[in-house]
Amino acid sequence: MSKVYAPQIPSKYDIATKLWIPSINLDPAKLFGEIVPMLPPNANRLHINPLTVALREQMKDFTKDDYIIAVGDPSLIAVSSCLAATKTKGLLRLLKWDKISSSYELIEVNIW
């Protein structure tokens, strides 16, 4: 089964419950495969180098049949996309939300 790697799930901190609550619904992306959240919502994006190490570890089994979903911090999406393309010899399969169809659209590009 394919996997959908989410660099970071956008979330809001709820003061009352002291929990991070997802601010988007990723269920429509399950049509493409199992959702794999890679970083917690409170990951400090100012420290990109340690996060890159964590993303690389999360993506160690990434294959040409998997996807990156464009959610979370743009720098984390960019790093994840680069790591994915490295693992697949330049093929990037990116899922992008389409407001009009209310679904994720596949963008497939050969980087190299």
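A short tour of the structure in this document, coming up.

1. Points about the pattern of salt bridges
- Scanning the entire structure with this criterion turns up four salt bridges.
- In this structure, Lys-30 engages Asp-27 in a salt bridge whose closest nitrogen and oxygen atoms are separated by 3.0 Å.
- Residue Arg-93 is joined to Glu-108 by a salt bridge in which the shortest nitrogen-to-oxygen separation is 3.3 Å. One end of the pair, Arg-93, is in strand 6 (residues 91-98); the other, Glu-108, is in strand 7 (residues 103-110), and 15 residues separate them in sequence.
- Judged by relative accessible area, which is 47%, Glu-108 ranks as partly exposed.

2. So, the packing of helix 1 (residues 48-58) against helix 2 (residues 74-87)
- Packing of helix 1 against helix 2 leaves a shortest axis separation of 10 Å and a crossing angle of 45°. As judged from the angle between their axes, helix 1 and helix 2 are oblique. As for how helix 1 packs across helix 2, the hand of that crossing is right-handed. Where helix 1 abuts helix 2, its residues Ile-48, Leu-51, Thr-52, Leu-55 and Arg-56 lie against Ser-75, Leu-76, Val-79, Ser-80 and Leu-83.
- Considered class by class, the residues forming the contact of helix 1 with helix 2 number six nonpolar, three polar and one charged.

3. Considerations on the nonpolar core
- Of all hydrophobic cores here, the largest spans 16 residues; its most connected members are Tyr-5, Leu-39, Leu-55, Met-59, Phe-62, Ile-68 and Ala-84.
- Within the residue set of this core, elements represented by two or more residues are strand 4 (34-39), helix 1, helix 2 and strand 6.
- Among the elements that take part in this core, helix 2 stands out by supplying four residues, more than any other.
- Those residues in contact with Ala-84 that sit more than four places away from it in its chain are Met-59, Phe-62, Ile-68, Leu-91 and Leu-92.

4. Focus: the sheet that holds strand 1 (residues 3-8)
- Pairing in this open sheet of five strands is mixed, and the strands run 4-1-5-6-7 from one edge to the other. Unpaired on one side and paired on the other, strand 4 and strand 7 mark the two borders of the sheet. Within this sheet the neighbouring strands show an average axis-to-axis angle of 30°, counted without direction.
- Taken together, the two bridges between strand 5 (residues 67-69) and strand 6 define a ladder with parallel strand orientation.

5. Section: the pairing of strand 3 (residues 19-22)
- The pairing of strand 2 (residues 11-14) with strand 3 spans four bridges and is antiparallel. Following the sheet pairing, Tyr-13 is matched in strand 3 by Trp-20.
- Between strand 2 and strand 3, which follow one another and run antiparallel, lie four residues, and Lys-18 among them has a positive phi close to 60°.

Reading the values: the criteria
Residues numbered from 1 in each chain as written. Predicted model: local features only at pLDDT ≥ 70, side-chain atom pairs only at ≥ 80, totals over all residues. Heavy atoms only, no water. Salt bridge = Lys/Arg side-chain N within 4 Å of Asp/Glu carboxyl O. Helix = DSSP H or I, 4+ residues; strand = E, 2+ residues; numbered from the N terminus. Buried < 20%, exposed > 50% of the residue type's maximum accessible area, 1.4 Å probe, protein only. Axes fitted to C-alpha atoms, helices over the stretch in contact; angles between N-to-C directions. Parallel < 35°, antiparallel > 145°, perpendicular 65-115°, else oblique. Left-handed = near helix turned anticlockwise from the far one by under 90°. Contact = heavy atoms within 4.5 Å. Nonpolar A, V, L, I, M, F, W, Y, C, P; charged D, E, K, R; others polar. Core = buried A, V, L, I, M, F, W, Y, C linked by side-chain atoms within 4.5 Å. Pairing = 2+ DSSP bridges.

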